[in-house]
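Coordinate inspection notes
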Amino acid sequence: AKISADCPAQAQKFSTLNIRSQNTQNKEKKMTTIEVRTVLYCKACGMPPEYCEYGPDYETHCKPWLKKTHPDIYAKLKAARKGKVKEAEADEKEAPVPTEPWTTEQRLQAFYGKYMPEKVDGIPAILEKYAGKEQKLFVALVKKYGPEPEDPYYANQNDHDDDDNSDDDSLNAGMSKMDMKKRRGATAKTVHKVDTRVIIQKISRNRKKAVTIVVGMDTVPDVKLKDVSKAFSKRFAGSSSVKDAAGGKKEIILQGDHQDEAAAFIVDKFKVPGDAVFLDMDGEFVPFA
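Below, the structure is looked at part by part. These figures come from a predicted structure and were not determined experimentally. (Residues numbered from 1 in each chain as written. Predicted model: local features only at pLDDT ≥ 70, side-chain atom pairs only at ≥ 80, totals over all residues. Heavy atoms only, no water.)

1. Brief notes about the packing of aromatic side chains
What describes a pair of aromatic rings is the distance from one ring centre to the other and the angle between the planes of the rings. Scanning all chains against the criterion turns up eight aromatic pairs. With 6.4 Å between their ring centres and 80 degrees between their planes, Phe-111 and Tyr-112 make a pair best called edge-to-face. By the burial criterion, Phe-111 is buried, and Tyr-112 matches it. Taken together through their ring pairs, the aromatic side chains of Phe-111, Tyr-112, Tyr-115 and Tyr-145 make up a single cluster. The ring centre of Phe-138 lies 3.8 Å from the NZ or CZ of Arg-107, which sits over that ring. (Phe/Tyr/Trp six-rings, centres within 6.5 Å; stacked < 30°, edge-to-face > 60°. Buried < 20%, exposed > 50% of the residue type's maximum accessible area, 1.4 Å probe, protein only. Lys NZ or Arg CZ within 6 Å of the ring centre and 35° of its normal.)

Below is the structure:
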């Protein structure tokens, strides 16, 4: 279209339209193709199948659904998990085998590193404060926070013990029934030591009222906490119950102040060694025997 030089407004309007047209063309050139992806979600837990295994219902709900409705995806994820397991096993094989157990300082570093990392720097002062009382310190820490991290040195020894047991099983496979009975009779006399620690604490409530708390009876072999609670209730003619404690442990709460009597009863009734029973005396753990 021809534009008269005498009409500057019309010329300006045409110039503006021309610039807009060029900008639109440039934008169209810069636009890229957007790929549309379809995400699969598990009908059991609502998560993508890659994350189902981290949920509590994977074995009972997610896995059967995925295996039935999407067998190809299930096979890929299963192969991927096997690859991760093999890599982890290879890393474990490359790790050096410890030749000696942890020192007391290393035990504390592992313990505080797991439960209270902010206290790791203060370990030298703690060792100086509890010199000669390290065992009481670890008993108190386990009671307050939870189980002590496993020493790799002892874990490696346990693995060897398991291998020895498997060798025994393979030997039993080629023995006659009579020989196996004789072998069982010989091994039945073996006594496995259990790290038994029972801690008894008295807590005062409302001035005169008090309760006795017993922790660690679940470490006594062949003893059920419910049976212990019933025995306490019958022996001391009071209420006794099993409750959840910190660190995933169980404790028995007995109404009344029966700290010394409960310790004597545990030693006599359940045959727990006296040096494995500790009385919590204002924060200090004193062996009963």
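Picking up after the structure, the text goes on.
2. Some remarks on helix H10 (residues 259-269)
Restricting attention to buried positions, one finds in H10 the residues Gln-259, Ala-262, Ala-263, Phe-265 and Ile-266. The buried side chains of H10 occupy one side of the element, clustering within an arc of 165 degrees when seen end-on. On its buried face, H10 is in contact with strand S1 (198-205), strand S2 (209-215), helix H9 (225-236) and strand S5 (277-281). (Helix = DSSP H or I, 4+ residues; strand = E, 2+ residues; numbered from the N terminus. Arc of directions from axis to C-beta. Contact = heavy atoms within 4.5 Å.)

3. With respect to the packing of helix H4 (residues 104-115) against helix H6 (residues 134-144)
Between H4 and H6, the shortest axis-to-axis distance is 12 Å and the interhelical angle comes to 10 degrees. Judged by the inter-axis angle, H4 sits roughly parallel to H6. Packed against H4, whose contacting residues are Thr-104, Arg-107, Leu-108, Phe-111 and Tyr-112, the element H6 presents Glu-134, Leu-137, Phe-138, Leu-141 and Val-142 at the interface. Grouping the constituent residues of the contact of H4 with H6 by class yields seven nonpolar, one polar and two charged. (Axes fitted to C-alpha atoms, helices over the stretch in contact; angles between N-to-C directions. Parallel < 35°, antiparallel > 145°, perpendicular 65-115°, else oblique. Nonpolar A, V, L, I, M, F, W, Y, C, P; charged D, E, K, R; others polar.)

4. Topic: the sheet that holds strand S3 (residues 240-244)
Read from one edge to the other, the open sheet built from six strands follows the order S3-S4-S2-S1-S5-S6, with strand pairing classed as mixed. The strands lining the two open edges of the sheet, one partner per strand, are S3 and strand S6 (284-287). Looking at each pair of strands side by side, their axes are set apart by 30 degrees on average, direction ignored. Bridge count between S5 and S6: four bridges; the pairing is antiparallel. Its bridge partner being in S6, Phe-278 is matched across the sheet by Pro-287. On top of the sheet, H6 reaches S1, S5 and S6; it is set at about 115 degrees to S6, its chief contact. Its contacts with the sheet place H10 against S1, S2 and S5, and it is angled at close to 175 degrees to S5. (Pairing = 2+ DSSP bridges.)

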